[in-house]
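Structural features, examined
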Amino acid sequence: EAFGPQFLYCEHNEGLSDHGIYQTNIAFQASTATLTLAHSDDDVYLSGAFTRLREVAEIHPHRPILFQAISPNRRLSWVPGKPKLQRGRLGGQSLAMPREFGAHFRMEERWRIDFAWILEVLANAKAAGYDQLWIEDVLMLSRPTESEWRAHYPSHVMRLASCL
């Protein structure tokens, strides 16, 4: 409730963590949003990310949206201007999934879960006549350093410091 009506808090204990696969799938099932996003606990959306995704989704409501993210090794999801589905470069945090093309993370794909999930979502959309939409906007930062956090979220740093 503290985050507002657009957030739903779900607890789920499968007895295993497995990188949050089971918990993420429960969240996918519970989601009532137009777009569903998946990210790791060490990823952050950049300022304006949700506004930008809403703008794009309003124009293209049924297309999966692939956006740029900055990986832990500070690479973009694809070379700017040359979008490409490439395992090891494009992660699940770069996909905004329309709910109607929902897919779950699959244990049998354990070492390439994100990429297999992206491919399944895109195949579901393609079967319904919709191609993915690539946007060059950088909307996600993985594992921000303290200086990156301060640069992107100065007010949060101030608030956190006042709690110490």
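A few points on the structure. Not measured: the values here are computed from a predicted model.

1. Considering the pairing of strand β3 (residues 65-70)
Summarising burial for β3: five of the six residues are buried, a large majority. In this sheet, strand β4 (residues 95-98) lies alongside β3 in antiparallel orientation, the contact comprising two bridges. Counted as the bridge partner of I65 is A96 from β4. As judged from the six bridges shared by β3 and strand β5 (residues 133-142), these two strands associate in the parallel manner. Looking at β5, one finds that I65 is bridged to L133.

2. Digging into the sheet that holds β4
In a beta sheet, neighbouring strands are held together by backbone hydrogen bonds and run either parallel or antiparallel to one another. Taking strand neighbours across the sheet as the criterion, the five strands line up as β1-β4-β3-β5-β2 in an open arrangement whose pairing is mixed. Of all strands in the sheet, those bounded by a partner on one side alone are β1 (35-37) and β2 (43-45). The sheet shows a mean angle of 40° between the axes of neighbouring strands, taken without regard to direction. This element, helix α2 (residues 49-59), spans β1, β2, β3, β4 and β5 of the sheet and lies at about 165° to β5.

Conventions we followed
- Residues numbered from 1 in each chain as written.
- Predicted model: local features only at pLDDT ≥ 70, side-chain atom pairs only at ≥ 80, totals over all residues.
- Heavy atoms only, no water.
- Buried < 20%, exposed > 50% of the residue type's maximum accessible area, 1.4 Å probe, protein only.
- Helix = DSSP H or I, 4+ residues; strand = E, 2+ residues; numbered from the N terminus.
- Pairing = 2+ DSSP bridges.
- Axes fitted to C-alpha atoms, helices over the stretch in contact; angles between N-to-C directions.
- Contact = heavy atoms within 4.5 Å.

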